[in-house]
Amino acid sequence: MASSQCCDNPPALNPTAGEGKVVDSFGGLKAYVAGSDDAKAAVILISDVFGFEAPNLRKIADKVALSGYFVVLPDFLHGDPYKHENAEFIPVWMKSHTPGKAFEEAKPIISTLKDKGVCSVGAAGYCWGAKVAVELSKAYLIEAAVLLHPTFVTVDDMKEVRCPISVLGAEIDKISPPELVKQFEKVLLENSAVGHFVKIFPGAKHGWSVRYGHDDAVAVKRAEEALADMIGWFNKYLKLTLKLKPSL
């Protein structure tokens, strides 16, 4: 369930942030895109409740693109990110911004990627977006997933994961506390058919990987470590998929 931690350290949204570009429609949604159009592997980044104009998230998209991926950061919130400082309004906002709706909207985005020649697709979800990513991983729609300080993700979700999945959790997290993340790991250990990586970041709070101040050296280092883990996971499984698929 969402808590006040979902609203901590809100970003100063900037529609022009990033080195990529904003397109009016990618698979039917406005999106920030980065990377080469010729890339054969793609990553969909799914934001937290603050949406796709968060500068740190766009920097992450740019850095993932530098590793050889075409990156799509869709506006699953349709121009209506969470704006209230008080978390008590989250349930009201959530009624019209459900992860289930975003899951359905992600399907044509994946189809568009495949139509442009992409062979393997990964998804990384932050907080709210992690639920979308895990649903994609359960539906055989992606080749790899990364969940960062997930919200709404359950043990039952982990039982249904069908692609390699990495879960990056925080030590100080009321939404997905270490005890829950360890339950995720236990379930994943029982499924030898699915690769997994689970890590709890000491001293980190919910949201640490994307909502941090650049003047906080410790926070920056943690976020960079999470990014390196994420890129490493995609390199391991998305690029492996490319090697295994026969060339035409």
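The name that an unreviewed UniProt entry assigns to the protein chain is Dienelactone hydrolase domain-containing protein, with the source organism given as Digitaria exilis.

Draft legend 1. How the structure looks around the sheet that holds strand β6 (residues 144–148). An order of β1-β2-β4-β3-β5-β6-β7-β8 is seen for the eight strands of this open sheet, with the pairing classed as mixed. Only two strands of the sheet have a single partner each, and these edge strands are β1 (21–26) and β8 (196–205). In this sheet, neighbouring strand axes are inclined to one another by 20° on average, regardless of whether the strands run parallel or antiparallel. Two strands pair when backbone bridges link them, and strand β5 (residues 120–126) and β6 are joined in this way by five bridges, in the parallel orientation. For alanine 123, the partnering residue across the bridge sits in β6 and is alanine 145. This element, helix α1 (residues 55–66), spans β1, β2 (29–34), β3 (41–46), β4 (70–74) and β5 of the sheet and lies at about 50° to β2. Each of β7 (165–172) and β8 is contacted by helix α6 (residues 178–189), which is oriented at about 170° to β8, the strand it contacts most.

Draft legend 2. How the structure looks around the pattern of salt bridges. The tally for this structure, following the rule as stated, stands at eleven salt bridges. Between aspartate 157 and lysine 138 there is a salt bridge; the shortest N-O distance is 2.7 Å. Of this pair, aspartate 157 sits in helix α5 (residues 155–159) while lysine 138 sits in helix α4 (residues 128–138), placing them 19 residues apart in sequence. On the basis of relative accessible area, aspartate 157 is assigned to the buried category, the value being 4%. Lysine 138 is the partner of glutamate 160 in a salt bridge, and the nearest nitrogen-oxygen pair spans 4.0 Å. You can see glutamate 160 sitting in the loop between α5 and β7 and its partner lysine 138 sitting in helix α4, a full 22 residues away along the chain.

Draft legend 3. Fine view of the packing of aromatic side chains. Following the criterion strictly, the structure yields six aromatic pairs and no others. Ring centres of tyrosine 69 and phenylalanine 234 lie 6.5 Å apart, and the angle between their planes is 65°; this geometry places the pair in the edge-to-face category. One end of the pair, tyrosine 69, is in the loop between α1 and β4; the other, phenylalanine 234, is in helix α7 (residues 217–244), with 165 residues separating them in the sequence. Like phenylalanine 234, tyrosine 69 is buried. Pairwise contacts between aromatic rings join Phe197, Trp233 and Tyr237 into one cluster. Residue placement shows lysine 116 over the ring face of phenylalanine 70; its charged tip is 4.1 Å from the ring centre.

Cut-offs and rules
- One numbering rule holds for all chains: residues counted from 1, following each sequence as written.
- Selection of residues for local features in this predicted model requires a pLDDT of at least 70, selection of side-chain atom pairs for listing and counting requires 80 or more, and totals for whole chains, interfaces and linings are taken over all residues.
- Excluded from the side-chain calculations are hydrogens and water; all other atoms, namely the structure's heavy atoms, are used.
- One requirement defines pairing of two strands: DSSP has to find at least two bridges between them.
- Numbering of helices and strands starts at the N terminus; helices are DSSP runs of H or I of at least 4 residues and strands are runs of E of at least 2.
- Interaxial angles span 0 to 180 degrees and are taken between N-to-C directions of axes, which are lines fitted to C-alpha atoms, for helices over the stretch in contact.
- Residues count as neighbours in contact if any of their non-hydrogen atoms are within 4.5 Å of one another.
- Only one rule defines a salt bridge in this text: a Lys or Arg side-chain nitrogen within 4 Å of an Asp or Glu carboxyl oxygen.
- Only protein chains enter the calculation, and the probe is 1.4 Å; a residue is then buried if its accessible area is under 20% of its type maximum, exposed if over 50%, and partly exposed in between.
- Each Phe, Tyr or Trp ring, with Trp reduced to its six-membered ring, pairs with another whose centre is within 6.5 Å; inter-plane angles below 30 degrees give stacked pairs, above 60 give edge-to-face pairs, and intermediate values give tilted ones.
- For a ring to carry a charge above it, either NZ of a lysine or CZ of an arginine must fall within 6 Å of the ring centroid while also lying within 35 degrees of the normal to the ring plane.

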